[in-house]
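This is what each chain is made of:
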Amino acid sequence: EWKFWRTQPVTPLGIKVAKGKNGPIEENKHIEQLKQEPYELPDGFSWSEINVSHDEQLKELYTFLNENYVEDNDNMFRFDYSMPLLQWALCSPGWTPKWHVVIRHTESREIAGFYSAAPIKIKVYDKELPMIESNFLCVHKNFRLRRLTPKLIAELYRRVNLSGIFQGVNTAGVLLPGVVGKCLYWHRLINVEKLLSVGFTQLGRRMTLQMMKEMYQLPKTTRVRGFREMRESDIPKALTLLTQYLKTFDLSPVLTQEEFQYLCQNRPNIVRSFVVEQENGEITDFVSYYHLLTTVLNHQQHKTLNICYLYYYAASRTSLSDLINDCLVEAHKSDCDVFNALDVMDNRKFFRQLKFGEGDGILNYYIYNWQCPRINSEKIGLLLL
Ligand code: JJ1
């Protein structure tokens with residue numbers, strides 16, 4: 001077991017790292033010390049490329065992930081990243097097609113595996129350094145148990161190392177070596193009838209459908225004075241608020257204005273951001289969420305759930321509950337079925353009041369080639385798409 005992980009610079013499971021320790025496991029290497037050619041693949045598979053700026057190629061990747069990416073514990077639901085969402089997630093500032101690693105089944109030319117990375121500056125405890133964030137690690141259902149995953153990980157880091165980056169962050173549902181934090185998903189039901197029908201939730205004990213609908217009903221309009229969509233001109237102020245807030249966590253991104261604008265400017269059906277503008281014009285609060293569909297597997301009537309995920313926020317004047325409540329109202333208006341949030345940042349402070357319930361899903365955070373003590377979920381200020 002862990003034949004592959006034992007070859008990688010990651011903290012083994014069950015090892016407690018001493019307080020105060022916070023640094024690389026392996027020293028940075030010079031370009032000449034690095035492997036110059038791609039890793040060998042098992043017979044029948046070859047390395048390939050993909051250019052997600054071309055719609056046909058994006059479509060091929062979309063279909064691959066739609067059919068093979070992450071499912072819940074009971075295989076009832078599977079992530080369905082739309083083409084625009086995928087393109088947005090994969091093409092953040094500094095992206096390169098070299099870091100969109102593809103394995104194809106040589107004979108059929110089908111995509112057999114995928115893994116991606118993009119550059120990002122990360123603060124972990126008191127250190128800031130350039131890293132990558134990696135995402136969308138996926139092996140085709142028909143080609144699992146053939147040791148393609150270790151090849152994808154090793155090859156991605158080989159290419160990243162050649163660019164002079166030696167650390168990376170990622171998240172996964174499963175528990176593996178290199179874990180630095182464990183988070184739980186919480187859910188705020190919105191379209192109760194549909195969620196019951198697809199088995200996303202059960203009728204509460206001693207409750208009728210009517211009672212449950214009433215319990216989760218949301219107002220038609222927002223209630224925080226000055227709550228409105230974020231505009232381009234708000235971006236510098238919103239970023240200042242967010243930067244201040246993110247400093248308080250032990251794991252967080254350090255965002256440039258370009259990156260913040262890319263990630264948080266309003267994009268219909270992908271990401272939505274709001275600010276609170278005071279009567280004197282001051283911007284005091286910021287909040288955002290993104291839309292990610294989930295395929296409902298094996299259901300007669302419903303094929304997809306429209307899920308919103310709480311993204312970055314920073315509240316300096318408005319109470320967090322009021323801010324997120326207005327977010328729920330907006331999500332409901334845009335036909336969201338359930339609103340998800342991790343127990344990161346200050347989220348636990350509003351869960352009860354806003355009727356979020358704990359889900360059965362876990363999200364583990366990882367740092368590759370880094371040794372530091374575990375980080376509590378409320379000290380995590382990093383969100384990956
Ligand atoms: O969505 C998730 N769970 C739902 C559905 C469960 C279906 C049966 N397994 C859930 N529903 C109950 C909520 C209800 C709210 C009111 C109170 C009572 C409970 O719990 C879970 C998250 O909880 N999602 C997943 O499991 C999807 C995978 C998560 C891992 C993500 C990996 C990310 C990949 C790399 O970035």
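About the cut-offs
Residues numbered from 1 in each chain as written. Predicted model: local features only at pLDDT ≥ 70, side-chain atom pairs only at ≥ 80, totals over all residues. Heavy atoms only, no water. Buried < 20%, exposed > 50% of the residue type's maximum accessible area, 1.4 Å probe, protein only. Helix = DSSP H or I, 4+ residues; strand = E, 2+ residues; numbered from the N terminus. Pairing = 2+ DSSP bridges. 1 Å grid on protein atoms, 1.4 Å probe; cavity = no way out; pocket = protein on both sides within 12 Å on 5 of 7 lines; lining within 4 Å. Points joined across faces, edges and corners; volume = space filled by probe spheres on them. Nonpolar A, V, L, I, M, F, W, Y, C, P; charged D, E, K, R; others polar. Domains from an automatic or database assignment.

**Overview of the pairing of strand β3 (residues 100-105)**
Of all 6 residues in β3, 6 are buried, a share of seventy percent or more. Neither face of β3 is open: one carries His100, Val102 and Arg104, the other Val101, Ile103 and His105, and all of them are buried. As defined by bridge partners, strand β1 (residues 45-48) adjoins β3 across 4 bridges and the pair is classed as antiparallel. Residue pairing in the sheet places serine 48 in a bridge with valine 102 of β3. Alignment of β3 against strand β4 (residues 111-124), held across 5 bridges, turns out to be antiparallel. Residue pairing across strands places valine 101 opposite tyrosine 115, the latter belonging to β4. The turn linking β3 back onto β4 is made up of 5 residues, and arginine 109 within it adopts a positive phi angle of 65°.

**Re empty space enclosed by the protein**
A complete count under the given rule lists 2 cavities of 30 Å³ or more for this structure. Its volume calculated, the largest cavity comes out at about 180 Å³. In terms of lining, the largest cavity is formed by 20 residues, of which the most central are Ala89, Glu133, Asn135, Leu384 and Leu385. Put simply, the parts of the chain that give the lining of the largest cavity at least two residues each are α2 (83-90), β4, β5 (127-139) and β12 (304-315). Classifying every residue of the lining of the largest cavity by side-chain character gives 15 nonpolar, 4 polar and 1 charged. A domain-level breakdown of the lining of the largest cavity finds at least three residues from each of domain 1 (5-177) and domain 2 (183-379). A volume near 80 Å³ is recorded for the second largest cavity.

**Topic: unusual backbone geometry**
With a phi close to 55°, asparagine 298 is a non-glycine residue in the positive phi region. Mapped onto the secondary structure, asparagine 298 falls in the loop between β11 (283-296) and β12. Positive phi is not limited to glycine here, since lysine 355 has a value of about 65°. You can see lysine 355 is positioned in the loop between α9 (348-351) and β14 (357-368).

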